[in-house]
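# Observations on the three-dimensional arrangement
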Amino acid sequence: MDKLVIKGGRQLRGEISASGAKNSALPVLAASLLADSPLKVSNLPHLNDVTTMIELLGSMGLDIILNEDMDVLVDSSTIKNLNARYELVKTMRASIVVLGPLLSKFHQAEVALPGGCAIGSRPVNLHIQAMREMGADIVLENGYIKAKTQGRLKGANISFDPVSVGATENVLMAASLAEGITTINNAAKEPEVVDLARCLINMGAKIEGAGTDKIIIEGVESLSGGEFSVMPDRVETATYLTAVTMTGGKIKIKNTMPDSLTSVIHKLQESGAEISTGKDWVLLEMKKERPISISLSTGPYPSFPTDMQAQFVALNSIAKGSASISETVFENRFMHVQEIARMGGKITLKGNTAFIEGIETLIGAPVMATDLRASASLVLAGLVAEGSTSIDRIYHIDRGYERIEEKLKVLGADIERISLT
Ligand code: UD1
């Protein structure tokens, strides 16, 4: 198992490029199941979750060709079975997004129930309910969702409560090949949903309203593959911007999508960072010695993203003043709090809110990554801490941040990956 060791206290300066978005790449790869001809997907990030999705499609018999840029050509005409096995699904909940495409295209699917994870129970009831409303016959048996339909799925009027990114994506894909019109009410508005819709439209789907809370899909009889480049990763960009707001310095991030970052950019500006943006770049300069503390509440897009909550807990732990951060999307997403407290952070948890009293500096310590975004917050804490921080279980980081130590080194951080195997 690898570790990251960071010696804190350096200002970060330089230019990096954003990677492709994990949360767009995963459903877009699943969309290849719907196509009658191969789908070429580019701008894929080199991440363990992307590899898991490729393995999952490969385990169903899909023919997958990978070139040196990691563009992937997926051909679903060679499919041999319609099973998403537990061994793969348990490592990545997002595997559930194969349910809609399998059912819609092949009229049958067996997808392992993902089970719990570190940030809460994360049920899949909305996915199952929506497929049932579209005419699927579903039983839960031996830890699997066993689904089938007589002929094509049927268009339906679906409403989500709470709003769900994954369930919206599953229905988008299922409805694209269903018979008739599907309306998704209270649809997720996340940019990754819009990106998936863009990919499906490119494949021949008829979709209107992606990016609003009402999406209307008119099912078509067949979809083709083609080529698609996934959007930049907004959470990755936001994480590096937050890092530099904490360490001080200046960063330019290229090949990114500032429009998808509005809520985070506003909070970083409130915190004292100077930010300018172009069509596909963000420039951030932090001249102040310490950021100003920032209170916030997470929520579905365009509200502040839950995937940036942990990083802002880290920011507030060394900020001037006190702040409160409320998590409204996931029930148990504060695993980073006790680790940052090991570094001296003054944080009290009450229900779904963390109260943080900013202190001048954190002190390096051995800490443990517990989930993807929690690990990112520990890296940020390590970058500003006095002395050395070693972060264990960084396989969580490798699920979502491409070459994090290389990018941070480019910016001047003292960070090493230590391979323990
Ligand atoms: C996606 C993102 C994740 C992000 C999250 C919220 C991917 C691969 N992951 O996760 O990074 O943190 O959106 O922006 O895109 N819920 C139910 N029943 C369901 C489904 C969800 O109750 O069937 C609840 C969840 O427990 C949670 C809320 O809905 O409280 C939102 O979850 P959802 O939007 O579905 O998250 P994911 O799609 O899993």
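Residues numbered from 1 in each chain as written. Predicted model: local features only at pLDDT ≥ 70, side-chain atom pairs only at ≥ 80, totals over all residues. Heavy atoms only, no water.

### Structural notes on the side chain of T183
By the element assignment, T183 lies in strand β11 (residues 181–185). With residues up to four places along the chain from it excluded, the contact list for T183 reads A156, N157, I158, K214, I215 and I216. (Helix = DSSP H or I, 4+ residues; strand = E, 2+ residues; numbered from the N terminus. Contact = heavy atoms within 4.5 Å.)

### Side note on the sheet that holds strand β23 (residues 388–392)
The strands that make up a sheet pair up through hydrogen bonds in the backbone, lying either parallel or antiparallel. If you trace the four strands from one edge of the open sheet to the other, you get β22-β23-β1-β24, paired in mixed fashion. The outermost strands of the open sheet, each flanked by one partner alone, are β22 (366–368) and β24 (414–419). Taken over all neighbouring pairs, the strand axes of this sheet differ in orientation by 25 degrees on average, direction set aside. In this sheet, β24 lies alongside strand β1 (residues 2–7) in antiparallel orientation, the contact comprising six bridges. Residue D2 lies in a different strand from β24, and its bridge partner there is S419. Docked against the sheet, helix α12 (residues 372–384) engages β1, β22 and β23, running at close to 30 degrees with respect to β1. (Pairing = 2+ DSSP bridges. Axes fitted to C-alpha atoms, helices over the stretch in contact; angles between N-to-C directions.)

### Structural notes on the environment of V74
Its location among the elements puts V74 in strand β5 (residues 72–75). Residue class for V74 comes out buried when judged on its relative accessible area of 1%. Between the alpha carbons of V74 and G58 there is a distance of 9.1 Å; along the sequence they are 16 residues apart. Excluding anything up to four places from it in sequence, V74 contacts L29, S32, P38, L39, L57, L62, D63 and I64. (Buried < 20%, exposed > 50% of the residue type's maximum accessible area, 1.4 Å probe, protein only.)

### Looking at helix α9 (residues 262–270)
All buried positions along α9 are accounted for by S263, V264, I265, K267 and L268. In this fold, the buried residues of α9 make contact with α8 (234–247), β16 (274–277), β17 (282–286), β18 (296–297) and α10 (309–317). Looking one or two residues past α9, G272 carries a phi angle of roughly 115 degrees, positive in sign.

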